[in-house]
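Single-letter residue listing:
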Amino acid sequence: MNHFQRKRGELCCEDVPLAELAAEVGTPAYVYSTATLRRHARVFKAALRGLDVLACFAVKSAPNLALLSLLAEEGFGFDIVSGGELYRALKAGGEADKIVFSGVGKREEEMEAALQARIHQFNCESEEELEQLSRVASRARKVAPVALRVNPEVDARTHPYVATALASSKFGVPAGRVRKAYRLAASLPGLKVVGLACHIGSQIDELGPFVEAAKKMRALFLQLRADGHDLRRLDMGGGLGVPYRERGRQPASPQRYGEALARALSGLEATVIFEPGRLLVANAGVLLSRVLLRKQGHAARKFVVVDAGMNDLLRPALYQAHHELEPVGRPRRGAEVVDVVGPVCESADVLAKRRRLPPLQAGDLVVLRTAGAYGMAMASQYNARPRPVEVLVDGRSWRVVRARESYADLVRGESV
Ligand code: LLP
């Protein structure tokens, strides 16, 4: 469910025609819907009613302050992975006591800043990190609340770049070493052991891997408690997938996810932390772009060149990801198979490959859907392309929530 629908043939975001936005702010542009974001936030919370929950939005998926502040308003905390994300979360009005700091490598300054802010919990991913954090906390005369991220070794059956719980993964501590690691944590003066954590991967569309992980985590949680650790929080990470394709297999719904996890974790007497990213924002955003020209390649290959490229939306190039693409205006009659490509000097700069689309012409506006998560978040200035403007729509009104970068922004901090 999202609020990008056609009205009298023209694609709109809520009540604002996307063509009107393009005329005002130019292209490429990321456009987000307030109503969709709020709705997803509420659906997610409602789905987990059966548990005592702390929901922490994964900042990395969509770090814009306006989006974070909306989610803070909806009661969300934040899952961060850097000092920069801590800065963003606090700046957006996030409550420190609802911030979880994940990641396999944290610098000392980042640990210090998070301790000063009094965040909810550090998710540590190695024995060495536990020792580092204890040292930093002791030096600051603080005690760091910690959970250890364990690798529960479940195959999330997703793209290899976003699977994080295989035995070969850099993430988490192998389950076999966890009890020993907790003994170490309990012995360190700067730490207070408060929980256990995992995150098995991203864009996972079936429930099986989540249930398998929950069962393993439950058993481990109870084992650690029996060992004498006073665990109160179980962090199950994020990872529930979204429908990128209009047709075909659809991912499990948040409701079914919530029910399955509530069943697997019932009676645990723990706050269950979730770190959803994509699920909340992916469908709340599109990338709006304009066709520059058409080009005939070899034989029957037809290209449509648009003004957005892989620097603006990296997912197709990096993960062979599919984003639905459609014209903003009333679609012309007929259909043709084309490659929609960006202007970046890389053969990987293909946004939509061998796609059957209504005929497109220079000047037409198109959108790439489901681009709200890991879209702007992963944009770069490659090829000296200023990053896109971000716009947030709310009903009939809209505002720029991040200005388009200028050429001066491209060289900021550089000198000849
Ligand atoms: N928690 C941790 C510790 C994570 O590493 C991640 C994502 C999340 C939560 C949020 O996962 P989500 O609910 O969004 O699936 N750039 C890739 C996705 C990378 C995910 C990295 N970690 C993409 O565009 O598909």
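This write-up is about the structure you can find in this document. As the structure is a prediction and not an experimental result, all values here were calculated from the model. (Residues numbered from 1 in each chain as written. Predicted model: local features only at pLDDT ≥ 70, side-chain atom pairs only at ≥ 80, totals over all residues. Heavy atoms only, no water.)

**Side note on the site of the ligand**
Note the threshold: Here a residue is considered near a molecule or strand provided that any single heavy atom belonging to it is located within 4 Å of it. Polar contacts here mean pairs of N or O atoms no more than 3.5 Å apart (in protein, one a potential hydrogen donor and the other a potential acceptor; neighbouring residues in sequence count only if both atoms are side-chain atoms). Using a 1.4 Å probe, the Shrake-Rupley method yields the accessible areas, and only the shown protein chains count as cover for residues. Asp, Glu, Lys and Arg are counted as charged, while Ala, Val, Leu, Ile, Met, Phe, Trp, Tyr, Cys and Pro are counted as nonpolar; the rest, among them Gly, fall into the polar class. Boundaries between domains were set according to an automatic or database domain assignment.
Around the ligand sit 18 residues in total, of which Ser-202, Glu-275, Arg-315, Tyr-319 and Tyr-374 are the nearest. Separating an oxygen atom of the ligand from a side-chain N or O atom of Ser-202 is a distance of 2.4 Å. Here Tyr-374 contributes a side-chain N or O atom positioned 2.6 Å from an oxygen atom of the ligand. Here the ligand has 580 Å² of accessible area as a free molecule, and 91% of this is covered by the chains. For the shell around the ligand, the per-class residue count stands at six nonpolar, six polar and six charged. Lining the shell around the ligand are residues from two domains, each supplying at least three of them: domain 1 (4-32 + 282-410) and domain 2 (103-274).

**Observations concerning the packing of helix 6 (residues 127-139) against helix 7 (residues 178-187)**
To be explicit about the condition: Axis definition: a line fit to C-alpha positions, over the contact stretch in the case of helices; interaxial angles, taken between N-to-C directions, run 0 to 180 degrees. Helix and strand labels come from DSSP, where a helix needs a run of H or I of at least four residues and a strand needs a run of E of at least two; each type is numbered from the N terminus. An angle counts as roughly parallel when it lies under 35 degrees, as roughly antiparallel when it exceeds 145, as roughly perpendicular when it falls between 65 and 115, and as oblique in every other case. Whether two residues are in contact is decided by their heavy atoms, any of which lying within 4.5 Å being enough.
Packing of helix 6 against helix 7 brings their axes to within 10 Å, and their N-to-C directions diverge by 10°. Judged on the interaxial angle alone, helix 7 and helix 6 are roughly parallel. Packed against helix 6, whose contacting residues are Glu-127, Leu-130 and Glu-131, the element helix 7 presents Ala-181, Leu-184 and Ala-185 at the interface. Grouping the amino acids of the contact of helix 6 with helix 7 by side-chain chemistry returns four nonpolar, no polar and two charged.

**A look at the pattern of salt bridges**
Once the charged atoms of two side chains with opposite charge are near each other, the side chains can pair. Using the following cut-off: Note on definitions: salt bridges are taken to be side-chain nitrogens of Lys or Arg within 4 Å of carboxyl oxygens of Asp or Glu. When a residue's accessible area, from a 1.4 Å probe over protein chains only, is under 20% of the maximum for its type it is buried; when over 50% it is exposed; and in between it is partly exposed.
If you walk through the whole model with that rule in mind, you get 26 salt bridges. The salt bridge involving Lys-106 is made with Glu-129; its shortest N-O contact spans 2.6 Å. One end of the pair, Lys-106, is in the loop between strand 7 (99-101) and helix 5 (108-117); the other, Glu-129, is in helix 6, with 23 residues separating them in the sequence. Overall, the relative accessible area of 3% leaves Glu-129 in the buried class. Taking the shortest distance from any N to any O, the salt bridge between Glu-336 and Lys-302 comes out at 3.1 Å. Of this pair, Glu-336 sits in strand 17 (residues 336-341) while Lys-302 sits in strand 15 (residues 302-306), and the two are 34 residues apart along the sequence. Residue classification places Lys-302 among the partly exposed residues on the basis of a relative accessible area of 29%. Bridged by salt links that share partners, the residues Arg-38, Arg-42, Glu-73 and Glu-74 form one connected network.

**Thoughts on the nonpolar core**
Grouped burial of nonpolar side chains is what soluble globular proteins tend to show. So the rule is basically this: By nonpolar core is meant a set of buried Ala, Val, Leu, Ile, Met, Phe, Trp, Tyr and Cys residues that side-chain atoms within 4.5 Å join together.
In this structure, Phe-78, Phe-122, Leu-196 and Met-236 are the most contacted members of the largest nonpolar core, which totals 106 residues. Examining the composition of this core, we find that seven residues originate from one element, helix 8 (residues 208-226), more than from any other. When residues of this core are assigned to domains, at least three fall in each of domain 1 (4-32 + 282-410) and domain 2 (103-274). Discounting chain neighbours no more than four positions away, the residues touching Met-236 are Cys-198, His-199, Phe-210, Ala-213, Ala-214, Met-217, Leu-261, Leu-265, Val-272, Ile-273 and Phe-274.

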